[in-house]
Amino acid sequence: MATTAIDRTRRMLSLVTYLRERPGARVDEVARAFGISEDELISDLNVLPMCGTSFRGGDLLDIDTDGEHIWWYNADAVGSGTGQPLRLAADEATALLVAARAVATLPGLRDGDKDALLRATAKLETAAGESAGASSRVSVTFESEGGVFADVDRAITERRRLRIRYYSPGRDELTDREIDPIRLFAVGHTYVEAWCRRSEARRTFRLDRVAGIELLDTPADPPAVEPRDLSEGLVQPAPTDPEVVIETGPGGRWVAEYYPHDAAEELPDGGLRVTLRTPDPATLRRLALRLGGDGRIVSPPELAESAREAARAALDQYEELA
């Protein structure tokens, strides 16, 4: 089951930071830290030298491996600003300033990080000159996931327990539980892997499903566990799980990027026929509703009919409101 392009991009961005802090890191240790095979890591390393701050030779990442260790020969030069000065267009400066001010308002942001961000914002305002004026007329408010991320990140750094209220869509219920966070990761969505004190087992929680969060003074003390292997994605269906076939139009091709699948065949109209497996096919009804006219469930027939019934019920609700 293939990792999506979005998952790989996120992983490679994290890999750059990881390697900068660990000169000569061992291949096996880096692969284990990212939950991927050594072959997948080598494949990522073959792409990174084509990335950088510009396409000029000196600004590209000079990363290499001898199969055992990984070496980044120009890490200091790439990040030191010794190349050409960065020049921002007015729209780029505006976007950066708006984003920086929005991030500074996130709840749970550590004081040191907030101070550093505000200082950087002030410098950018000075450098942007008149362009900074437009940014003051735009504001951004993050959804709840941003605040949750900040609290979880702080809990991991300070080794503290969290109390969360979590929504489980499969059961359509909210539960309260205390967790000892282990790590944050992104596979399509952002998750926290944690030791759940309610179930006394390792659990994975999607941040946008956290309805409430509280940072506790109780020290976090999760048992020593091996990180989950995420090389095949977060959801790893078994070969015996039911098969579902979805056909999409051109506007629904994103399904193949976001959902692990066994096959994605091109259709004459520019769409895809996506074959995937899931232990609970009923959970894909929501996907069918989201696709609307850009896709449909083809099989199994009972799931296709269930999706049609859900769509009819939704339309009936709109008619009642009208």
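The rules behind these values
- Throughout this description, residue numbers start from 1 for each chain and increase along the sequence as written.
- Local features in a predicted model are, by the rule used here, given only for residues with pLDDT of at least 70; side-chain atom pairs are given and counted only at 80 or more, and totals for whole chains, interfaces and linings are based on all residues.
- Here the side-chain values reflect all heavy atoms present in the structure, with hydrogen atoms and water set aside.
- The helix count covers DSSP runs of H or I at least four residues long, the strand count covers runs of E at least two residues long, and both are numbered beginning at the N terminus.
- As used here, the term nonpolar core means buried Ala, Val, Leu, Ile, Met, Phe, Trp, Tyr and Cys residues forming a set that is joined through side-chain atoms within 4.5 Å.
- Summary of the burial criterion: residues with accessible area below 20% of their type's maximum are buried, those above 50% are exposed, and those between are partly exposed, where the area comes from a 1.4 Å probe applied to protein chains only.
- Should any heavy atoms of two residues lie within 4.5 Å, those residues are counted as being in contact.
- Every axis in this analysis is a line fitted to C-alpha atoms, fitted for helices over the stretch in contact. Angles between the N-to-C directions lie between 0 and 180 degrees.
- Any angle between 65 and 115 degrees counts as roughly perpendicular, while under 35 counts as roughly parallel, over 145 as roughly antiparallel, and the rest as oblique.
- Only Asp, Glu, Lys and Arg are considered charged, only Ala, Val, Leu, Ile, Met, Phe, Trp, Tyr, Cys and Pro nonpolar, and every remaining residue, Gly among them, polar.
- When DSSP locates at least two bridges between a pair of strands, those strands are taken to pair.
- Expected helix span is taken as 1.5 Å per residue step, with the number of steps being one fewer than the number of residues.
- Between Lys or Arg on one side and Asp or Glu on the other, a salt bridge is scored when a side-chain nitrogen of the former is within 4 Å of a carboxyl oxygen of the latter.

Identification of the protein chain as WYL domain-containing protein from Streptomyces johnsoniae is taken from an unreviewed UniProt entry.

Requested: an account of the environment of Ser-14, with residues and values cited.
Along the polypeptide, Ser-14 turns up in helix 1 (residues 5-20). Along the backbone, Ser-14 and Phe-34 are 20 residues apart, and their C-alpha atoms lie at a distance of 9.1 Å.

Describe unusual backbone geometry, and please don't skip the residues or the numbers.
The omega torsion across Ser-299 and Pro-300 is 5°, close enough to zero to call that bond cis. The backbone of Arg-159 shows a phi angle near 55°, a positive value even though the residue is not glycine. With respect to the helices and strands, the residue Arg-159 is situated in the loop between helix 8 (144-158) and strand 3 (160-168). One non-glycine residue, Glu-200, adopts positive backbone phi at about 50°. Its location among the elements puts Glu-200 in the loop between strand 5 (189-196) and strand 6 (201-206).

For the nonpolar core, give the residues involved together with the corresponding values.
Leu-19, Val-30 and Leu-41 are the most contacted members of the largest nonpolar core, which has 19 residues in total. Going through the elements one at a time, helix 1, helix 2 (27-34), helix 3 (38-47) and strand 2 (70-72) are the ones with two or more residues in this core. The greatest single-element share of this core, amounting to five residues, is contributed by helix 1. Residues within four places of Leu-19 in sequence aside, it is in contact with Ala-25, Val-30, Leu-45, Ile-63, Ile-70 and Trp-72. Of all hydrophobic cores here, the second largest spans 15 residues; its members include Val-244, Val-255, Ala-288 and Leu-303.

Explain the packing of helix 2 against helix 3 to me, using residue names and the numbers behind them.
Running from N to C, helix 2 and helix 3 cross one another at 100°; their axes reach a closest spacing of 9 Å. The angle between helix 2 and helix 3 falls in the class roughly perpendicular. Along the contact surface, helix 2 presents Val-27, Asp-28, Val-30 and Ala-31, while helix 3 presents Glu-38, Leu-41 and Ile-42. Class assignment for the residues of the contact of helix 2 with helix 3 results in five nonpolar, no polar and two charged.

Tell me about the sheet that holds strand 9 (residues 263-266), residues and numbers included.
A sheet is described by the order of its strands in space; here four strands give the open sequence 9-10-8-11, paired in antiparallel fashion. Edge positions in the sheet fall to strand 9 and strand 11 (295-299), since each has one partner strand and no second. Each neighbouring strand pair of the sheet contributes to a mean axis angle of 20°, computed without reference to strand direction. One ladder, built from six bridges, connects strand 8 (residues 243-248) with strand 10 (residues 272-277); its direction is antiparallel. Across the sheet, the residue bridging to Val-245 is Thr-275, located in strand 10.

Would you mind going over helix 5 (residues 90-104) in detail, with residue names and values included?
Here helix 5 contains 15 residues, and its C-alpha end-to-end distance of 21 Å stays within 8% of the 21 Å for a straight helix at 1.5 Å per residue. Looking at helix 5, one finds that the buried residues are Ala-93, Thr-94, Leu-97, Val-98, Ala-100, Ala-102 and Ala-104.

With reference to specific residues and values, describe the environment of Asp-294.
Assignment of secondary structure puts Asp-294 in the loop between helix 10 (285-291) and strand 11. Sequence separation between Asp-294 and Pro-250 is 44 residues, and the spatial gap between their C-alpha atoms is 7.2 Å. Not counting the four nearest positions on each side in its chain, Asp-294 is found in contact with Glu-247, Thr-248, Gly-249, Gly-251 and Gly-252.

Can you tell me about the pattern of salt bridges, naming the residues and giving the values?
This structure, assessed with the given rule, holds 25 salt bridges. A salt bridge links Arg-160 to Asp-217, with the shortest nitrogen-to-oxygen separation between them at 3.3 Å. Linking Arg-160 in strand 3 with Asp-217 in strand 7 (residues 210-219), this pair joins segments that are 57 residues apart in sequence. For Arg-160, a relative accessible area of 16% corresponds to the buried category. When the shortest N-O distance is used, the salt bridge between Arg-277 and Asp-262 registers 3.2 Å. With Arg-277 in strand 10 and Asp-262 in the loop between helix 9 (255-258) and strand 9, this residue pair connects regions lying 15 residues apart in the sequence. Looking at Arg-277, the relative accessible area reads 24%, which means it is partly exposed. Beyond isolated ion pairs, a larger network of salt bridges with shared partners links Arg-161, Arg-163, Glu-178, Asp-180, Arg-197, Glu-200 and Glu-214.

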